[in-house]
Every structure is written in C-alpha cells, then in structure tokens.
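Examining the three-dimensional arrangement
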Amino acid sequence: MPNYRSWPFAEADKLIRRAQDLDPAKPVRFQTGFGPSGLPHIGTFAEVARTTWVRHAFETLAQRPTQLIAFSDDMDGLRKVPLNVPNREMLAEHIGKPLCHIPDPFGCCASYSAHMNAKLIEFLNTYGFDFTFQSSQEAYARGDFNEGLSILLAKAEQVRALIVPTLSEENQEDWFPFFPICENCGRVYTTRVTEYHPEDNTLEYACDGEVHGVMGCGHQARTSIFNGKVKVGWKVDWALRWYTYDIAYEMYGKDLIESARLSSRIIGVMGKRPPIGMVYEMFLDQEGRKISKSVGKGLTVDAWTTYAPIESLLYYLMQSPTKAKRLYWEIVPKCVDDYLGELRRYPALDPEQAPDSPAWHIYNRGQGVPAYGAGIDYTTVNNLLSALATDSADLVIEYLERYDPKAAGYPEIIRDLVDKALNYYRDFILPTKTYRKPAEEERRWLLDLRDRVIEYDGQSEDELQAIPFDIARENDVPAADFFRLFYEVVLGQDRGPRFGAFTMLVGKDKVADLIAQRCQEEPSGS
RNA sequence: GGGCCGUUAGCUCAGUUGGCAGAGCACCUGCCUUUUAAGCAGGGUGUCGCGCGUUCGAGUCGCGCACGGCUCACCA
C-alpha cells in the first residue's frame, strides 16, 4: 500500500487500526457536532471539509463504506440570549429550556433550533458536502439513546467520580449526569436529581434551581430517563453519542481537548472505546484573537466565496489544520494563486504522488481536477481590474486573453476569477474612487484628446498611444503628468492601462464619451 | 497551574522522507527614443528564538530553556 504523507492519510491510517474490530457490514462512522444556539460559521465549514477529506482518504485506503453524521445539540438549554438574533425579550422568557422547545425568534421555523438546523443543512448543502443530519432531540425521542442511558444510570456514581473533580466546589455536591426536563415549566437547567432508580430506569427530580436569574417552578416528579424526558450533561452526552452510533472518528477544536479526554473516559466506563480524534487549531482574526461565533469578526465563508473561488478556501483549510492561522482578507489573493499553482502542477504528478496534492483532496479524490495551464493568477486579474476601472467581465477577459493567449483554453476558471475579482472591485474599490475635476486648461487638453480619438480612423494601438504624447508635447506638459491627468479625471485613479491598447479594446467612442462626460461636469457643480 | 500552537528576510509566511536557506509583498537600480506602466531585467552578509544532544551532515529529529499567543482551569 502506498505511503501517503498528507495529513488526511495520516489520520486515515490511525482510523484503519481503530476500525479493525468494527462490524465490516456497517459503514465506519465519522461525526461532527454543532451547537445550534448560533448560526454556522467558518469553523463549522472547516470541520466538515476536513472530516470529509479524512473520510475520503480512509475510503481510498480501506475500501470500506463510511458515513458522516452531522449532529446538532438541539436538546441543549438556552443559557443566555445571543446578541445577534431578533426578539431577544421573547427569548429571555425561555432561558433554561431546550433549544428545540423555544419559538423561532426569526418567526419562520417550528423552533429556535429548527431554524438553526435548517440554516446548517442549507449551509452544508450549498457546498455539496455529503452528510447525514441528526438532531439530538429526535434521537432522544426516538429512543436511540435508551440503551446507553440505562448503562449511564447504572454507572452514575462512576461517571460522577470522573466529572465532579473538574467542577467548582459549589456545584460538586448536586451534580448528576442526568438533567431532567421539568414536565411543568419545560426547563432543563433548573432541575436537580434527588433520587435515581437504575432498576426501572427512572429518577426523581426537583425543579428548584436557578439559571441566569430564572428560577425553577418548584415542581417535583419521578420520570423515565427514556425517550427524551431526560438528557445527560455535556461531556456525558458526547460519550453517549459515540457509544450509541459507534463513532470511529471525530475532530474538534483545541478548546475541547479536556472535554474529549473526559468523554473518552466516560465511554470507557460504558464499555466501548472512544473514536480517533484530531485536534485542530482555532481561527484567529487579524489581531490574533479567536473568531467569535456571535460577533462578525474576521472573514466569513460567504465573504470568501463572494470574492474568491471556493476552492481557494478549501485549499486554505487543507493547509496545516493544527496550526493557528489568522483569517482576514489580505491572505486570500495569495491563497488563490497558490491554489492555481497546485492545479498547474497536478497533471505532471505521478499517480503515486497525486493523492498528496491538495487538489486531489479538494476535488473528491482527484476526480475532475480541472486543467489549468495559463499564467493568469488572481493578483493579475485584480491589478488589471483596478487599471481598467471597468465592471465588464467580457472586457477584462479580452484583455487577459491578449496578455496570455493560453487563458482562452480555460474559460471556466478564468471566468470565475474575473467574476469574483469584480465582486471585490465593486464592493471595495469602486466606492473609494474619486474623480478629480479638471482645471479649465486641463479640460481643453482632454477635450482635444477626445476630438483626435474620434477623428482617428486607423486600427493601430501605437498610433492611438501617440496621440496623448502629441498633445502633451504641444502644450509643454511632461507626458507622465498628462497620463496621470487622464487617469485621475477619467478613471478616478492615479494609474491605468496603456492608452492605446485600452482605447482599442474599450472602443474609441466609449473612451470619447467617458472623457466628455467627465469634462462636462462644471467645477461649480451647477 | 494543565494543554495546544508558534518563533525563518523590513512585512506575511513556505520549507514535503535530515542533504547548498526560499516565495509573495515592500524597497532599490536599470530598460523599452513613448507614462508614476496588469511590463521586462537585475538587487538578500537571514545569530532559521537560545542551549545541549543524535548524525558524515540539523531550519528539519531528541531533551531543556526563553519569549509570544491561544485554550481550559464557570457552563454546555
């Protein structure tokens, strides 16, 4: 078997050993988890993308079927109201209740978590990930966890012995792995287990706690632990999912290292082994701070894919997942160019080397890696765009194909680059353009330029290029100053393309119109 | 205090199994008799954070240390 070095294969190797004693008839399960209290963000995207790459590497090496479960913790209670959602006063009334039992603050779905789950599914589908969505609430209600819950209740003291030492002193005494949902007020964070009965899988609770200023209702009852009447606490929940679905692989951020360690010991108590785990680093913003889920700091997936090809984002996520990386716009162009470099290199790789190329992973195990032999890169397109000061993709592409005839051979990639660069130009460059008003003398020179361009009836770029030089010489103006005048007044910037080539491609009439338009505006602004 | 990551050119960072230290940007010089050029050609004396070790050979491997950052030490 070939010895691939890229990290998804290294992970797959570990998983192969882990999966040896699993039922070969069943798919090997991968999991990613989400907290539906907020909207999906780049961390979510990264986790699914990276897990998918390990999954594909594993399938390639092991030739076994796999499944990726995207698990949503929608039974978790609402602890505090997020800052970035509407109807916050309504939500405040529901603090302490499971997210799946709280109305949708956006008003369109059956519940708060249903809204977030729908967003998550939509988000992942947009990028074509293959996954099986699983709601925690549905899994509890359906009884998926009943067997595991029964074991946990029987071994509650052992679980307590693992968790309690990690808690603050005031929480140690009352802590119990199970969190009953109060059948009276519906809250899960205000209940306290008072007795438990492993022999019939029930427990007794009192709803007399407090969460963020909200008091329990005082209700007391005895309830079954099955079918969603009771959930288990966080680290126990994680172990329960691993146990129930035989999860063989799950990656997580470094902030969950300690949690994963505890969950691993809990599943050990339950009698199974934890999945292979991989720790990835957090994403940081430009100042090196962790990107928050609730605040829109740093670059979003949406922003990246609006202004650059999505493959460049995947390429970025492929690079060293265990290294903290700052995420801000300035890194994107380099990523795009590096990604294009991978495409250029790919066809020449030996079949044995190809699976270690980022392109192989990004394009579904090397299926459909597009050819790219042009020299055009994203930086080129951006520079050209700012020189041309145009919003016409066709014009830009014409220029590119003149510059590098090979570009015509890869129309899809070129078109995507231009479209994305144009989006960036429109949103960030164009609004900052300032068109200088010409002085009276300058205005005459420019109108002279316009007239001579209209009169010229040849097809020579060089002859067109000679016109501004003639005008500059005749009026005793340095050529460089005259060109800058043209750019500042007509294009709203201090640099630009060669006049001759620009005029030929844009069209004489269009250039003449632009000049006339800018020169007509009176200095007084009347 | 536990854990994780980092420290390589002015800046941002590559450096794959140990084998002559790299890229982009920035900056400088020159060129096309015709731009302040999406242009071309040149331009790098780097304590690879420090020390010790392994090795014929270490940016790379091992141990120790320093500095910076993040994360957990509430809760899920």
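Scope of this entry: the structure provided in the associated data block.

Cut-offs applied
Residues numbered from 1 in each chain as written. Chains lettered and ligands numbered in written order. Predicted model: local features only at pLDDT ≥ 70, side-chain atom pairs only at ≥ 80, totals over all residues. Heavy atoms only, no water. Core = buried A, V, L, I, M, F, W, Y, C linked by side-chain atoms within 4.5 Å. Buried < 20%, exposed > 50% of the residue type's maximum accessible area, 1.4 Å probe, protein only. Helix = DSSP H or I, 4+ residues; strand = E, 2+ residues; numbered from the N terminus. Contact = heavy atoms within 4.5 Å. Phe/Tyr/Trp six-rings, centres within 6.5 Å; stacked < 30°, edge-to-face > 60°. Pairing = 2+ DSSP bridges. Axes fitted to C-alpha atoms, helices over the stretch in contact; angles between N-to-C directions. Near = heavy atom within 4 Å. Polar contact = N/O pair within 3.5 Å; in protein donor to acceptor, adjacent residues only side chain to side chain. Nonpolar A, V, L, I, M, F, W, Y, C, P; charged D, E, K, R; others polar.

Another point: the nonpolar core. Trp304, Leu317, Leu343, Tyr372, Val418, Leu449 and Phe482 are the most contacted members of the largest nonpolar core, which totals 112 residues. Here this core gets ten residues from one element, more than from any other, and that element is helix α2 (residues 42-62). Excluding its chain neighbours within four sequence positions, the residues that come into contact with Val418 are Val381, Ala393, Val396, Ile397 and Leu400.

It is worth spelling out the packing of aromatic side chains at this point. Considering all chains together, one arrives at 26 aromatic pairs under this definition. On the numbers, 4.5 Å between centres and 45° between planes, the contact of Tyr4 with Phe9 is tilted. Geometrically, the ring pair formed by Trp329 and Tyr424 is stacked, given 4.3 Å between the ring centres and 15° between the ring planes. Highlighted residues: Trp329 in the loop between β14 (325-326) and α13 (332-345) and Tyr424 in helix α17 (residues 411-429), separated in sequence by 95 residues. Classification of Trp329 as buried rests on a relative accessible area of 15%. Accessibility expressed as a relative area gives 17% for Tyr424, which makes it buried.

Right, let's get into the sheet that holds strand β9 (residues 220-224). With respect to topology, three strands assemble into an open sheet ordered β5-β6-β9, the strand pairing being antiparallel. If you trace the sheet from one side to the other, it starts and ends with β5 (191-197) and β9, each paired once. Across the sheet, the mean angle separating the axes of adjacent strands is 30° when strand polarity is ignored. Pairing of β5 with strand β6 (residues 202-207), which is carried by six bridges, proceeds in the antiparallel orientation. From the neighbouring strand, Tyr196 faces β6, where its bridge partner is Leu203.

Around RNA strand B there are 38 residues in total, and Arg5, Lys254, Lys323, Arg484 and Arg498 lie nearest to it. Counting only atoms of RNA strand B within 4 Å of the protein, the fraction found in sugar and phosphate groups is 63%. The backbone of Trp234 places a nitrogen or oxygen atom 3.2 Å from a sugar or linking oxygen of RNA strand B. Elements that contribute at least two residues to the surface near RNA strand B include exactly α10 (257-270), α15 (378-388), α16 (393-403), α19 (461-474) and α20 (479-491). Sort the elements by how many residues they give to the surface near RNA strand B and α20 lands first, with four residues. Residue classes in the surface near RNA strand B are distributed as 16 nonpolar, eight polar and 14 charged.

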